[in-house]
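Residue-level listing of the chains:
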Amino acid sequence: MYASTQETVIPKYPFEPDEATGNPMFRVQQYNCVVNYKQSDFLIPHRKDYYFLALVRRGSSRGWVDTVPYVLKPNSFYFTVPRQVLLKEDISELTSISIGFTNEFLALDESGSLKNLPIIQNPDNGHELVLSDADLIFVDDLLEKIQAEYEAKNNWQHNMLLAYTKVLLIYLSRLYQQQISAVAPQPNRVLLKSYLSKIDEWYTQLHEVTAYADIMNISAGHLSEVVKEQSGKPAIVHIHERLIVEAKRLLFHTNQSIKEIAFALGFEDASYFNRFFKRLTDYTPVSYRTTIREMYH
């Protein structure tokens, strides 16, 4: 049933803003109907190039997350992160509310704490949280507040959305630790988590996989193999993504020059940083700073 998960054949679905708001980083969707998927949407492994969280109130469906089958249940919370491979097998009438957001949205958090929460890092590759009656009331109320703010289009909307989402992600991360992290992790999951932690510690100084393998006292080949198996992405991509997230944060929140940002991130040559940023984002650092500030200031 489960199709091949080779990187070259798995499509990655980009974040699509809804027509009503045009928000390029954040989206709220509510369903109270039969979801109109096309037949071609089923049995196709894919990834979402963004974070997706949904409270399912009623309905059922069958699907896969990586190689694990699941049956969707009412009054449960589901989530996926960009590295996970997903597959829809069947779906029925559904009542749910969901939010989707990009790494750029997480980068708006000046503290940098959101990206490190368990529900975002997902070190144990989970996808489902069971909600108690109290959990359901809290999460449902918070999602309703997020939807109201999303649709209102008031001043400082992105600040409000970020604040509400931060509370939601912290609450869900508590549930994650209770329900998912409590299970003893497999050694390869521990290795991936350690690698990501090392990147957070050293990304401004170390830009090569071999350097991380050295400080972890393992071979670069083994590290690359395990990281690709566990995350679905090459080991070097995690380093690059961390650099891009920090670069976007500095471009948005500070007035540092491009040269200063390049040096802060460990690039000796500002022109190489410009090429690196353009290759991974399709923007030059200057054009990204201009665009993001016009949008959110």
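For clarity, every value in this text was computed on a predicted model and none was experimentally measured.

Student: Explanation requested: the packing of aromatic side chains in the structure shown.
Tutor: The geometry of an aromatic ring pair comes down to the distance between the two centres and the angle between the two planes. Counted under the stated rule, the structure contains 15 aromatic pairs. For the pair Phe 15 and Tyr 50, a centre-to-centre distance of 5.5 Å together with 85 degrees between the ring planes defines the contact as edge-to-face. Note that Phe 15 is positioned in the loop between strand 1 (12–13) and strand 2 (26–33) and Tyr 50 in the loop between strand 3 (47–48) and strand 4 (51–65), a separation of 35 residues in sequence. Aromatic side chains Phe 267 and Phe 273 sit 5.3 Å apart centroid to centroid with 55 degrees between the ring planes, which places their arrangement in the tilted category.

Student: Quick question: what am I supposed to make of the pattern of salt bridges here?
Tutor: Side-chain pairs of opposite charge can arise whenever the charged atoms involved come near each other. This structure, assessed with the given rule, holds 11 salt bridges. Notably, a salt bridge pairs Glu 104 with Lys 248, separated by 2.2 Å at the nearest N-O pair. Taken together, the residues span a long stretch of sequence, with Glu 104 in helix 1 (residues 103–107) and Lys 248 in helix 8 (residues 235–253) at a distance of 144 residues. Here Glu 104 falls in the partly exposed class, since its relative accessible area comes to 23%. Accessibility expressed as a relative area gives 9% for Lys 248, which makes it buried. The residue Asp 141 makes a salt bridge to Lys 145 at a minimum N-O spacing of 2.6 Å. Of this pair, Asp 141 and Lys 145 both sit in helix 3 (residues 133–152), four residues apart, which is roughly one turn of the helix. The partly exposed category is assigned to Asp 141, whose relative accessible area is 39%. Since its relative accessible area comes to 35%, Lys 145 is described here as partly exposed. Ionic contacts of the salt-bridge type, sharing partners, join the residues Lys 115, Asp 200, Arg 242, Glu 246 and Arg 249 into one network.

The rules behind each value
Residues numbered from 1 in each chain as written. Predicted model: local features only at pLDDT ≥ 70, side-chain atom pairs only at ≥ 80, totals over all residues. Heavy atoms only, no water. Phe/Tyr/Trp six-rings, centres within 6.5 Å; stacked < 30°, edge-to-face > 60°. Helix = DSSP H or I, 4+ residues; strand = E, 2+ residues; numbered from the N terminus. Salt bridge = Lys/Arg side-chain N within 4 Å of Asp/Glu carboxyl O. Buried < 20%, exposed > 50% of the residue type's maximum accessible area, 1.4 Å probe, protein only.

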